[in-house]
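Next come the chains, spelled out residue by residue.
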Amino acid sequence: MTPQQISCIQKSFHTISVVSRPFARLYYLRLFQLSPDLKRHINSQADYKGRKLVALLGTAVRSLDNIDGLKVVVSSLGRRYAAQGLGDHHFALMCQALLETLELALGDEFTGDVAAAWTAGGALLLETISESAAKTTLEHCPWGKEIPIALAVVS
């Protein structure tokens, strides 16, 4: 992702954080329209899962300046989803629902640059989730680089 895309996402996220509850409701409504079977996988209370969604987005947005750190957080999410039986198709629908909800929530702020930035960010998240969902074991690498991966496995 480019620094300009990161800046677009971080600026537009402020609007989302202000309307976090309705944003989360719209997201889950759209997600369940796209894939009603996801309701059985995402079974927590509406307010709780909405807060978790916005908190996760906030963490992801703040971590865009540290892509490796972001990948650690998203990797653990991908493994958790895989353990629940979710796959690439579901991850793609989650990304689609996110982009469609962002467009609704941001309105006129969802310009071509903002849309392209969120699309690139969504693609990065989708790729990381898909890769981590496919991995079930810890990869060994030179000392110093395996620590973040190990932390992701533990969480």
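## Notes on the nonpolar core
Soluble globular proteins tend to pack their nonpolar side chains together in the buried interior.
And then number 1: Membership of the largest hydrophobic core comes to 38 residues, with the highest contact counts inside it found for Phe23, Tyr27, Leu31, Leu102 and Trp118.
And then number 2: Those elements that place two or more of their residues in this core are helix H1 (3-18), helix H2 (20-34), helix H3 (46-62), helix H4 (67-83), helix H5 (88-106) and helix H6 (112-134).
And then number 3: In this view, Phe23 contacts Ile16, Leu53, Val54, Leu57, Leu98, Thr101, Leu102 and Ala105; residues no more than four positions away in its chain are not counted.

## Here's the deal with the packing of aromatic side chains
And then number 1: Enumeration according to the criterion identifies 2 aromatic pairs in this entry.
And then number 2: On the basis of an interplanar angle of 80 degrees and a centroid distance of 4.9 Å, the ring pair of Tyr27 and Tyr28 is categorised as edge-to-face. Here Tyr27 matches Tyr28 in class, with each residue buried.
And then number 3: Measuring from ring centre to ring centre gives 5.9 Å for Tyr28 and Phe32, while their planes differ by 35 degrees; the resulting arrangement is tilted. Of this pair, Tyr28 and Phe32 are both found in helix H2, 4 residues apart, which corresponds to roughly one turn of the helix. With respect to class, Tyr28 is no different from Phe32; both count as buried.
And then number 4: Each residue in the set Tyr27, Tyr28 and Phe32 is aromatic and connected to the rest through ring pairs, giving one cluster.

## Observations regarding the side chain of Thr15
And then number 1: In this fold, Thr15 is placed in helix H1.
And then number 2: At 3.0 Å, the side chain of Thr15 and the side chain of Glu109 are in polar contact.
And then number 3: Contact partners of Thr15, with chain neighbours within four places excluded, come to Ala105, Leu106 and Glu109.

## With respect to a nonpolar patch on the surface
And then number 1: On the surface, Leu26, Leu29 and Leu104 cluster together into a nonpolar patch covering about 310 Å² of accessible area.
And then number 2: Relative to the assigned elements, Leu26 resides in helix H2.
And then number 3: Residue Leu26 is classed as partly exposed on the basis of its relative accessible area, which comes to 36%.

## Some remarks on the confidence of the model for the protein chain
Low-confidence regions, as indicated by low pLDDT, have predicted coordinates that should not be scrutinised in detail.
And then number 1: Taken as a whole, the protein chain shows an average pLDDT of 80; of its residues, 81% reach a score of 70 or greater.
And then number 2: Every residue in residues 146-155 is under pLDDT 50, and counting partners more than four places away or in other chains gives 12 contacts.

## Some words on the pattern of salt bridges
It is possible for side chains of opposite charge to pair when their charged atoms get near one another.
And then number 1: Inspection of every chain in the model, using the stated rule, returns 1 salt bridge.
And then number 2: One salt bridge in this structure joins Arg30 and Glu100, with 2.3 Å as the shortest N-O distance. With Arg30 in helix H2 and Glu100 in helix H5, this pair connects stretches of sequence that are 70 residues apart.
And then number 3: By relative accessible area, Glu100 is classed as partly exposed at 26%.

## Some remarks on H5
And then number 1: The terminal C-alpha atoms of H5 lie 27 Å apart, and with 19 residues this matches the ideal 27 Å at 1.5 Å per residue to within 8%.
And then number 2: Of all the residues in H5, the buried ones are His90, Phe91, Leu93, Met94, Cys95, Ala97, Leu98, Thr101, Leu102 and Leu106.
And then number 3: Where H5 terminates, the next one or two residues include Gly107, which has phi positive at roughly 55 degrees.

## Regarding the environment of Met1
And then number 1: Counting through the fold element by element, Met1 comes out in the segment before H1.
And then number 2: Through-space distance from the C-alpha of Met1 to that of Ala117 is 8.0 Å; in sequence the pair is 116 residues apart.
And then number 3: Every residue in contact with Met1, bar those within four places of it in the chain, is listed here: Ile6, Ile9, Leu64, Ala117, Ala120, Gly121 and Leu124.

Thresholds, definitions, all that
Residues numbered from 1 in each chain as written. Predicted model: local features only at pLDDT ≥ 70, side-chain atom pairs only at ≥ 80, totals over all residues. Heavy atoms only, no water. Core = buried A, V, L, I, M, F, W, Y, C linked by side-chain atoms within 4.5 Å. Buried < 20%, exposed > 50% of the residue type's maximum accessible area, 1.4 Å probe, protein only. Helix = DSSP H or I, 4+ residues; strand = E, 2+ residues; numbered from the N terminus. Contact = heavy atoms within 4.5 Å. Phe/Tyr/Trp six-rings, centres within 6.5 Å; stacked < 30°, edge-to-face > 60°. Polar contact = N/O pair within 3.5 Å; in protein donor to acceptor, adjacent residues only side chain to side chain. Patch = residues over 30% accessible without salt bridge, like charges linked within 9 Å, V, L, I, M, F, W, Y side chains within 5 Å. Areas by Shrake-Rupley, 256 points an atom, 1.4 Å probe, with all protein chains shown as cover. Salt bridge = Lys/Arg side-chain N within 4 Å of Asp/Glu carboxyl O. pLDDT = per-residue confidence, 0-100. Expected span 1.5 Å × (residues − 1).

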